[in-house]
Amino acid sequence: MEASGWSTSLSSGIVLSLVAVVWTMLWNNLQGLQLQQFVSRHLSRHARRLAAIVDPYLTVTIAEYDGGRMKRSDAYKEVQAYLQRATCATGGGVRHLKAETAKDVDALVLSMGDNEEVADEFRGATVWWLAYSTPPREDNAPSYWGGGRAARADRRFYRLFFLERDRDLVLGEYLPHVRREGRAVMVKNRQRKLFTNLSGDGYDADGVWSHVVFEHPKTFATLAMDPAKKKEVMDDLDAFRNGKDYYARVGKAWKRGYLLYGPPGTGKSTMIAAMANHLDYDVYDIELTSVRTNTDLRKLFIETTSKSIIVIEDIDCSLDLTRARKKKKKANDDGQKNDGDKKDGAEPPDEEKDAGGSKVTLSGVLNFIDGLWSACGGERIIVFTTNHVEKLDPALIRRGRMDKHIEMSYCCFEAFKLLAKVYLDVESHHLFDAVESLLREANMTPADVAENLTPKSVDDDADSCLASLVEELEKAKEKVLAKKEGKGKDAADGDDDDDEY
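So, here is what we can say about the structure in this document. Since we're looking at a predicted model, the values are computed, not measured.

## Concerning the overall build of the protein chain
Move 1: Of the regular secondary structure elements, the protein chain holds 18 helices and 15 strands.
Move 2: Going through the 501 residues of the protein chain one by one, you find that 36% of them count as buried.
Move 3: For the protein chain, the share of sequence-separated contacts (at least 6 apart) that also reach a separation of at least 24 residues comes to 73%.
Move 4: Summed over all atoms, the accessible surface of the protein chain reaches about 30,000 Å², with 52% contributed by carbon and sulfur.

## Regarding the sheet that holds strand S11 (residues 255-261)
Move 1: Read across the sheet, 7 strands follow the order S10-S9-S12-S13-S14-S11-S15 without closing on themselves; strand pairing throughout is mixed. Whereas interior strands pair on both sides, the edge strands pair on one side only; in this sheet they are strand S10 (209-213) and strand S15 (404-407). Neighbour to neighbour, the strand axes of the sheet diverge by 20° on average, direction disregarded.
Move 2: Relative to S15, S11 runs parallel, the two being bridged by 4 bridges. If you follow Leu259 over to S15, its bridge partner there is His405.
Move 3: Contacting S11, strand S12 (282-285), strand S13 (308-312), strand S14 (380-386) and S15, helix H8 (residues 268-279) crosses the sheet at an angle of about 165° to S14.
Move 4: With respect to the sheet, helix H13 (residues 362-370) is in contact with S11, S13 and S14, its orientation differing from that of S14 by roughly 140°.

## Some details on the packing of helix H3 (residues 74-88) against helix H5 (residues 167-189)
Move 1: Contact geometry of H3 with H5 gives a least axis separation of 7 Å together with a crossing angle of 75°. It follows from the interaxial angle that H3 and H5 lie roughly perpendicular. Between H3 and H5, the contacting residues are Asp74, Ala75, Lys77, Glu78, Val79, Ala81, Tyr82 and Gln84 on the first element and Tyr174, His177, Val178, Arg179, Glu181, Gly182, Arg183, Val185, Met186 and Asn189 on the second.
Move 2: Looking at the contact of H3 with H5 residue by residue, the classes come out as 8 nonpolar, 4 polar and 6 charged.

## Quick look at the pattern of salt bridges
Move 1: This structure, assessed with the given rule, holds 25 salt bridges.
Move 2: Residue Arg190 is joined to Asp280 by a salt bridge in which the shortest nitrogen-to-oxygen separation is 3.4 Å. Remark: Asp280 occurs in the loop between H8 and S12 and Arg190 occurs in the loop between H5 and strand S9 (193-197); sequence separation between them is 90 residues.
Move 3: Connected through salt bridges with shared partners, the residues Arg190, Arg192, Asp280 and Asp282 form a single ionic network.

## So, the sheet that holds strand S6 (residues 116-122)
Sheet strands line up and pair through hydrogen bonds in the backbone, either parallel or antiparallel.
Move 1: Pairing in this open sheet of 4 strands is antiparallel, and the strands run S1-S8-S7-S6 from one edge to the other. Unpaired on one side and paired on the other, strand S1 (57-63) and S6 mark the two borders of the sheet. With direction set aside, neighbouring strand axes in the sheet form an average angle of 25°.
Move 2: Sheet topology places S6 next to strand S7 (residues 125-134); 7 bridges connect them, and they run antiparallel. Each residue of the ladder has a partner; that of Val118, found in S7, is Trp129.
Move 3: Against the sheet, H5 engages S1, S6, S7 and strand S8 (155-163), with an angle of about 135° to S8.

## Some points on unusual backbone geometry
Only a minority of non-glycine residues have a phi that is not negative, and only a minority of peptide bonds are not trans.
Move 1: Residues other than glycine seldom take positive phi values, yet Asn115 does so here, at roughly 65°.
Move 2: Within the fold, Asn115 resides in the loop between strand S5 (108-112) and S6.
Move 3: Residue classification places Asn115 among the exposed positions, given a relative accessible area of 62%.
Move 4: Phi is positive for Asp314, which is not a glycine, with a value near 50°.
Move 5: Looking at the element boundaries, Asp314 is found in the loop between S13 and helix H10 (315-318).

## A short note on the packing of aromatic side chains
Move 1: Inspection of the entire model under this criterion finds 16 aromatic pairs.
Move 2: Arranged with centres 6.4 Å apart and planes meeting at 85°, the rings of Tyr82 and Tyr174 form a pair that is edge-to-face. Of this pair, Tyr82 sits in helix H3 while Tyr174 sits in helix H5; the two residues are 92 residues apart in sequence, bridging distant segments of the chain. Just as Tyr82 is buried, Tyr174 falls in that class too.
Move 3: Against the face of Tyr258 rests Arg256, its NZ or CZ located 5.8 Å from the ring centre.
Move 4: Seen from the ring of Phe301, Arg380 lies directly overhead, with NZ or CZ sitting 5.0 Å from the centre.

## Here's the deal with H3
Move 1: If you check H3, its first and last C-alpha atoms are 22 Å apart, about what 15 residues at 1.5 Å a residue would give, namely 21 Å.
Move 2: At Tyr82, H3 shows its strongest bend, of approximately 30°.
Move 3: Within H3, 11 of the 15 residues are buried, which leaves the element mostly enclosed by the surrounding structure.
Move 4: Burial in H3 covers these residues: Ala75, Tyr76, Glu78, Val79, Gln80, Ala81, Tyr82, Leu83, Gln84, Ala86 and Thr87.

## Overview of the environment of Leu260
Move 1: Its place among the elements puts Leu260 in strand S11.
Move 2: Each C-alpha atom of the pair Leu260 and Thr385 lies 4.7 Å from the other, and the pair is 125 residues apart in sequence.
Move 3: Apart from the residues within four sequence positions on either side, Leu260 is in contact with Lys268, Met271, Ile272, Val383, Phe384, Thr385, Thr386, Ile406 and Met408.

## Some words on the nonpolar core
Move 1: Counting residues in each nonpolar core, the largest one holds 27 residues, and the members touching the most others are Ile286, Leu297, Phe368, Ile369, Phe384 and Leu396.
Move 2: Of all the elements in the fold, those that place two or more residues in this core are helix H9 (294-302), S13, H13, S14 and helix H14 (394-397).
Move 3: Among the elements that take part in this core, H13 stands out by supplying 5 residues, more than any other.
Move 4: The residues contacting Leu396, other than those within four sequence positions of it, are Ile315, Leu362, Val365, Leu366, Ile369, Phe384, Arg401 and Met402.

## Considering the state of the cysteines
Here a disulfide denotes a covalent bond joining the sulfur atom of one cysteine to the sulfur atom of another.
Move 1: Using the criterion set out here, one finds 0 disulfides in the structure.
Move 2: Between Cys412, a free cysteine, and Cys411, which holds the nearest cysteine sulfur, the sulfur-to-sulfur gap is 5.9 Å.
Move 3: By relative accessible area, which is 26% here, Cys412 ends up partly exposed.

About the thresholds
- Residues numbered from 1 in each chain as written.
- Predicted model: local features only at pLDDT ≥ 70, side-chain atom pairs only at ≥ 80, totals over all residues.
- Heavy atoms only, no water.
- Helix = DSSP H or I, 4+ residues; strand = E, 2+ residues; numbered from the N terminus.
- Buried < 20%, exposed > 50% of the residue type's maximum accessible area, 1.4 Å probe, protein only.
- Contact = heavy atoms within 4.5 Å.
- Areas by Shrake-Rupley, 256 points an atom, 1.4 Å probe, with all protein chains shown as cover.
- Pairing = 2+ DSSP bridges.
- Axes fitted to C-alpha atoms, helices over the stretch in contact; angles between N-to-C directions.
- Parallel < 35°, antiparallel > 145°, perpendicular 65-115°, else oblique.
- Nonpolar A, V, L, I, M, F, W, Y, C, P; charged D, E, K, R; others polar.
- Salt bridge = Lys/Arg side-chain N within 4 Å of Asp/Glu carboxyl O.
- Phe/Tyr/Trp six-rings, centres within 6.5 Å; stacked < 30°, edge-to-face > 60°.
- Lys NZ or Arg CZ within 6 Å of the ring centre and 35° of its normal.
- Expected span 1.5 Å × (residues − 1).
- Bend = angle between axes of the 7 residues up to and from the residue.
- Core = buried A, V, L, I, M, F, W, Y, C linked by side-chain atoms within 4.5 Å.
- Disulfide = S-S within 2.5 Å.

Structural data, given as C-alpha cells:
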C-alpha cells in the first residue's frame, strides 16, 4: 500500500511538472502574439460598433498646418473661404465672427470664431462644421519653427461632422466641391499683397511673413525704358506665365530668375512693381540681414505662394556674398603662408565671432534659388537687384539661377518722351531736339529726369520744366567733359613720368 501511494504521488508530481512546462511555453508564445493588444483591439472594435449605434456621426478634421507647421494647409484656407457664405447667412447660427479687410475698401471678410458651428447642405445631406483651436504643446520637443510666436500660437482646426450613411457622398463629392468653391471665393476676394519677413522671434501666428496690401501704381505703360527692351521683358513675362505645360515637359521647376542691375535711380524697384502689376502677382520682399540661418531662408521660401515675385534688393549690400569664392581662396592662401606663425587657439576671424548676426551663406542662397526646395510650389519669379553686378559671385547670377539679365541704364530719348507725355502731357516741343542731343553726351537717370519734369508750383508749365531739364543736362554734360579731361591729364602726366626714365 505504501509503495502504491508513493507511486501515485510521483505520477501526480510528474503531471504537474509537465503542465507547468507546457503552460510556460504557451504563456511565452501568447506574449509573443501580444495577447493583451489583441484582446484590446477586439474589445475596441466592439466598442466602436456600439458607439456607432449611439452616435452615428463621422468626423473629418482639417488642420491649419501641414508637415509640423512647415506650411499652411491649402485645404484649411479653402474651407475657411468656402464657409464665409454659410457664416454670414442669417440662419447660420454663428454668434462670434472674425473680420478681415476685403478687396472692396468698405467691405469685410468674415469667418467663424472659435467653438462656433455652422450647418451646410449638399444634395440632400446635412453636414456641420466646427471651428476650434488647441493650445500649443508645453513640452520641450523640438519644433521646426524653433521659438517665436509661431511656435507658441494656438493650433487651429475645422472639424466636419456627418452621418455615416452619407459617408460616400461627403468623402467622394462634397469635400472636393468645398475645395473647388473655396478656391473660387479666394480668387474673388484676393487682394495682392506685399510681404516682408519679420526679424528675430517676430513670427506671427500665420507664418513667417507679415504683409500690407500691394497698391503700387507703376505699370509698363508709365515705366521709363527703351520701348524695344520693355516689350522684350513683357513678352518674356507672358511666356513664363503661360508656360506651365512647357516647364513640366522639359522637367524644370516652374520658376524664373531676373537680375536687374544698373546705377541707382534707373528704375529697378519700379520695374519690379510693373512686373507685379502686369502679372497680377504678390510680392515677397526678403530682407536678408533679418534672416538668421540658411534654414530660416528655406522656411521663408516654403511659406511663399504661387503667382508671386520673390525679391532681394541690393543683394550686393545685403550680406557678404560678393566674390565669396575668391575671398575664401585668398583666405586659404593666406592661411597656408601663416601656418608657421599660428598657434592652437588663435583668434577666429571677425565674421565667426559675430554669432548674433545673420549666418546665411552663399551656398544657402544658391540652394534657395535652384535647390530641391525651390521646386516646392510653382509659378514663382525670383528677382535680384544690384548697383554693382561685377561684385557678385558668378555662381549666383549664372543662367539657370538668374535666367534673364536686364540692364537698367541711364535715360534715353525714347524714355524721356514717355516721361514728358506722362508728366507734362506733351508729345513734341521745340526743346526736344536739345534734350535729345544732351542725352547722348550726359548721363542722367530716369528718376532725375522725372524730377526735373515735375511741376513745382502753379506757375510751372511745360516750357519751364523742359528748360530746367535742359539746364541740368548741360551741367551733367560739363561734369562728363571735366571727368574726361581729368583722365586725359592723368594719362599725360603718366607718360611724362615714363619719359624721365
